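In case you want the letters, here they are:
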Amino acid sequence: METKRKVMPFLWFDDQAEDAAKTYAGLFADSALGEICRYSKRIAEATGRAEGSAMTVTFRLGGQEVTALNGGPQFRFTPSFSFFVNCGGVEEAEALFTGLAQGGEVMMPFQAYPFSAGYGWIKDRYGFSWQVNSAPRDHTIAPSLLFVGRQCGRAEEAMTLYGSIFPDSRIESVARYEAGEAPNAEGSVKHGIFFLAGQELRAMDSALDHTFTFTEAASLQVLCDSQEEVDHYWHHLGEGGDPAAQQCGWLKDRFGVSWQVVPRVLTEMLSDAGSDAKERVTQAFMQMKKFDISALERAYRGN
C-alpha cells in the first residue's frame, strides 16, 4: 500500500468495514486489501467492540487508498460525501454500477445524460454513495462533496479555502448553473474538480430540498510528517468549525466537512505487534483533541 499520500478518504462503518472492503475490492481493477488492525481485549472492553474483530481496514480501489473503521452505529453515510468513479466507457461503467447496486438503492438510474454518455448514482448495501461515470480520467476514484441546505452555494468557497491550506493544490474546472436552473442560483457550482496535495476531489452545490448533510461517517484524513504539519492543518481546517466536534484528531471545518489530522507515526505505532504499546498509545490519543506527537511517543515507550 502507498504510504506517502497526504489526503485520503476515511469511512466509518458500524461493523461492516472488512466485508465492505472485500466487496469493493472485488468490483474494481487495481484493488487490494491492506492491513487489518483488530481490537485487542482491553481496547474492545473500553469501546464495546468484540475482541479480535476488525478495527481498521486499509484497502486500495482503482489506485485510490482508503481506510475504513468499525466504530459503531453513531454515524450514517449520506450522499453529501460520495465517490465519483470514472470508468473506461459505458459498458464498464454500467457493469460497475450494477455490481454496486446489489442490495442497494438507485438514486439516479444509469443512463445517458446531457453531461455524460453513461452515468448513475447509487447507494450501496452499506449505505455509501457512488457516482459512476463512463468517461475515463487518470484518477479512477475521487471523493465528492455535495453542499446542500445551509451550506449550499459554498462549494467554490470550500475549494478555494482548501487549496490555500494544502500544497500542490489547484481548481481544475468549474461548471456553473445557468439562469433558469432553479432552485439552484445562477453561477453556483454545478460540478467542480479540484486537487489537494495531488488528491483529486469533486464539489457540487444543490439547492434541492435535501434532508441530509455531511456527517462523520465519511471524512478526509490528513497524514502529517511533523508536529508543525499537525498544528498547521488543525488550525486552518478547524478555524470557524464546531469546537465540540474536535476529539481524537477529528474536527469539523466551517462547512461541516469532517477531517482527521493524523501524524503518520501514529499509524506505525498502532501497527506494532506489541499490544501493550498499542494500548498505551490508544489510551493516550483518546484523551487528546489535537494530536501531540511527543506525548504519543512517550506513551509508546511507556514513560
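In this text the structure is predicted, and so the values were computed from the model without any measurement. (Residues numbered from 1 in each chain as written. Predicted model: local features only at pLDDT ≥ 70, side-chain atom pairs only at ≥ 80, totals over all residues. Heavy atoms only, no water.)

Visitor: Just to check I follow, could you spell out the pairing of strand β6 (residues 105–113) for this structure?
Guide: The two faces of a sheet get side chains in turn, since along a regular strand they alternate between them. Sheet analysis places β6 next to strand β7 (residues 116–123), joined by 5 bridges and oriented antiparallel. Across the sheet, the residue bridging to E105 is K123, located in β7. (Pairing = 2+ DSSP bridges. Helix = DSSP H or I, 4+ residues; strand = E, 2+ residues; numbered from the N terminus.)

Visitor: Whenever I open this one, the environment of L27 confuses me. Can you help?
Guide: The topology assignment puts L27 in the loop between α1 (17–25) and β2 (32–38). Overall, the relative accessible area of 32% leaves L27 in the partly exposed class. Here the alpha-carbon distance between L27 and Q64, two residues 37 residues apart in the chain, equals 13 Å. L27 has contacts with L96, G99 and L100, leaving out every residue within four places of it along the chain. (Buried < 20%, exposed > 50% of the residue type's maximum accessible area, 1.4 Å probe, protein only. Contact = heavy atoms within 4.5 Å.)

Visitor: Can you help me understand the sheet that holds strand β15 (residues 258–263) in this one?
Guide: Adjacent strands of a sheet pair through backbone hydrogen bonds, lying either parallel or antiparallel. On the basis of which strands lie adjacent, the open sheet formed by 7 strands has the order β2-β3-β4-β1-β13-β15-β14 and mixed pairing. Two strands in the sheet have a free side with no partner beyond their single neighbour: β2 and β14 (250–252). The sheet shows a mean angle of 25° between the axes of neighbouring strands, direction not considered. (Axes fitted to C-alpha atoms, helices over the stretch in contact; angles between N-to-C directions.)

Visitor: So what exactly am I meant to see when it comes to empty space enclosed by the protein here?
Guide: Over the atoms rolls a probe the size of a water molecule, and in doing so it shows where empty space is left. Summed over the entire model, instances satisfying the criterion amount to 2 cavities of 30 Å³ or more. The volume enclosed by the largest cavity comes to roughly 70 Å³. Every residue along the wall of the largest cavity is listed here: F77, T78, F81, F128, F214, T215, A217, A218, V257 and S258. The residue inventory of the lining of the largest cavity, partitioned by class, reads 7 nonpolar, 3 polar and no charged. Looking at the second largest cavity, its volume works out to about 40 Å³. Lining of the second largest cavity is provided by T23, Y24, L27, G99, L100, D124, R125 and Y126. (1 Å grid on protein atoms, 1.4 Å probe; cavity = no way out; pocket = protein on both sides within 12 Å on 5 of 7 lines; lining within 4 Å. Points joined across faces, edges and corners; volume = space filled by probe spheres on them. Nonpolar A, V, L, I, M, F, W, Y, C, P; charged D, E, K, R; others polar.)

Visitor: Help me out: how do you make sense of the layout of surface pockets in this one?
Guide: Taken as a whole, the largest pocket holds about 1,400 Å³ of empty space. Taken together, 44 residues make up the lining of the largest pocket; nearest its centre are F10, T56, L69, Q260 and L270. The element best represented in the lining of the largest pocket is helix α6 (residues 264–270), accounting for 5 residues. In this structure, the second largest pocket spans a volume of roughly 770 Å³. Every residue lining the second largest pocket is counted, 32 residues in all, and those nearest its centre are F115, Y119, Q131, K190 and M204. Those elements that provide at least two residues to the lining of the second largest pocket are β5 (81–86), β6, β7, β8 (129–133), β11 (189–196) and β12 (199–205). Of the residues forming the lining of the second largest pocket, the biggest block, 4 residues, is contributed by β7. Split by residue class, the lining of the second largest pocket holds 18 nonpolar, 9 polar and 5 charged.

Visitor: Where do I start with the pattern of salt bridges in this structure?
Guide: Opposite charge on two side chains permits them to pair, given that their charged atoms come into close proximity. Counting across every chain of the model gives 17 salt bridges. Between D225 and R264 there is a salt bridge, with its nearest N and O atoms 2.7 Å apart. In this pair, D225 is assigned in the loop between β13 (218–224) and α5 (227–238) and R264 in helix α6, connecting sequence segments 39 residues apart. Residue classification places D225 among the partly exposed residues on the basis of a relative accessible area of 46%. Overall, R264 belongs to the buried group, its relative accessible area being 12%. Where K290 meets D231, a salt bridge forms, and the shortest distance between an N and an O atom there is 3.0 Å. Remark: D231 occurs in helix α5 and K290 occurs in the loop between α7 (275–285) and α8 (293–301); sequence separation between them is 59 residues. The exposure class of D231 is partly exposed, given its relative accessible area of 30%. Salt bridges linked by common partners bring R137, R170, E172, E200 and R202 together as one network. (Salt bridge = Lys/Arg side-chain N within 4 Å of Asp/Glu carboxyl O.)

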